[in-house]
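# Structure at a glance
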Amino acid sequence: MTDNIKKLEAEGDVAADFLEELLDILDMDGDIDISVEAGRAKVAIVADGPSQDLKRLVGPDGEVLEALQDLTRLAVQSDTGEVSRLMLDIADFRTGRRERLAEQAREAIAKVRESGARVSLPAMNAFERKVVHDVVLEAGLSSESEGEDPQRYVVVLPA
């Protein structure tokens, strides 16, 4: 096991401890899964029953999830002294969102190929834009982000 993977697993452990304390404070149930994917720690809170409670930690359009991810990254940085890029998912929100974004990206790719014109997508956060950029790149086209947060969006460009 490489030192980098050990470091990322340690980040996941610190994040898991922080999130377990948070769940205890909120009196919520959930299991915490830790993995390393694409060069970053991934921590997921999954329901051990109905996930309605956990969905409150996601919030509308994932705003609460984004804030919890930022707090978790700060907790890891406070403990390790290093900036964390860990990804937090709760009740499979990001997994489902990734699938919907990939479909949206494929539709934009088809429009670009059909029309030869660039296609702009709605405003997205950094995670969402990254998903779209990856799908576009995989399809052999290019894309770029335009605008300023929180109205930053992806433009799919013709070949």
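Quick notes on the rules
Residues numbered from 1 in each chain as written. Predicted model: local features only at pLDDT ≥ 70, side-chain atom pairs only at ≥ 80, totals over all residues. Heavy atoms only, no water. pLDDT = per-residue confidence, 0-100. Helix = DSSP H or I, 4+ residues; strand = E, 2+ residues; numbered from the N terminus. Core = buried A, V, L, I, M, F, W, Y, C linked by side-chain atoms within 4.5 Å. Buried < 20%, exposed > 50% of the residue type's maximum accessible area, 1.4 Å probe, protein only. Contact = heavy atoms within 4.5 Å. 1 Å grid on protein atoms, 1.4 Å probe; cavity = no way out; pocket = protein on both sides within 12 Å on 5 of 7 lines; lining within 4 Å. Points joined across faces, edges and corners; volume = space filled by probe spheres on them. Expected span 1.5 Å × (residues − 1). Nonpolar A, V, L, I, M, F, W, Y, C, P; charged D, E, K, R; others polar.

## As for the confidence of the model for the chain
- Of all residues in the chain, 97% have pLDDT values of 70 or greater, and the mean over the chain is 94.
- Per-element confidence in the chain ranges from a low mean pLDDT of 85 for helix H2 (residues 52-56) to a high of 98 for strand E6 (residues 153-157).

## Quick look at the nonpolar core
- Core analysis: the biggest nonpolar cluster contains 22 residues, and Ile 45, Leu 88 and Ile 90 have the highest contact counts within it.
- Elements with a minimum of two residues in this core: helix H1 (3-26), strand E2 (40-46), helix H3 (63-80) and strand E3 (87-90).
- Top contributing element to this core by residue count: H1, with 7 residues.
- Not counting chain neighbours up to four residues away, the residues in contact with Leu 88 comprise Leu 19, Val 43, Ile 45, Leu 65, Leu 68, Gln 69, Thr 72 and Arg 94.
- Counting 18 residues, the second largest nonpolar core, distinct from the first, contains Leu 101, Val 119, Phe 127 and Val 132.

## Brief notes about empty space enclosed by the protein
- All chains considered together, the criterion is met by 1 cavity of 30 Å³ or more.
- Estimated volume of the largest cavity: approximately 40 Å³.
- Contributing to the lining of the largest cavity are Asp 61, Gly 62, Leu 65, Glu 66, Phe 93, Arg 94, Arg 97, Asn 125, Phe 127 and Glu 128.
- Of all elements in the fold, only H3, helix H4 (93-115) and helix H5 (126-138) reach the threshold of two or more residues within the lining of the largest cavity.
- The leading source of residues in the lining of the largest cavity is H4, at 3 residues.

## Overview of H4
- End to end, H4 covers 33 Å across 23 residues, agreeing with the expected 33 Å (1.5 Å per residue, within 8%).
- By the burial criterion, the buried members of H4 are Arg 94, Gly 96, Leu 101, Ala 102, Ala 105, Ala 108, Ile 109 and Val 112.
- Tucked inside the fold, the buried residues of H4 contact H3, E3, strand E4 (119-123), H5 and E6.
- Just past H4, the residue Gly 116 takes up positive phi, approximately 75°.

## A few points about the layout of surface pockets
- Of the pockets and cavities examined, the largest pocket occupies roughly 450 Å³.
- Within the residue set of the lining of the largest pocket, elements represented by two or more residues are E2, H3, H4 and H5.
- Looking at the lining of the largest pocket, the element that brings in the most residues is H5, giving 6 residues.
- Looking at side-chain class alone, the lining of the largest pocket contains 7 nonpolar, 2 polar and 9 charged residues.
- Looking at the second largest pocket, its volume works out to about 210 Å³.
- Together, Asp 61, Gly 62, Glu 63, Glu 66, Phe 93, Arg 97, Arg 100, Ala 123, Met 124, Asn 125, Glu 128 and Pro 150 line the second largest pocket.
- For the lining of the second largest pocket, the secondary-structure elements that each account for two or more residues are H3 and H4.

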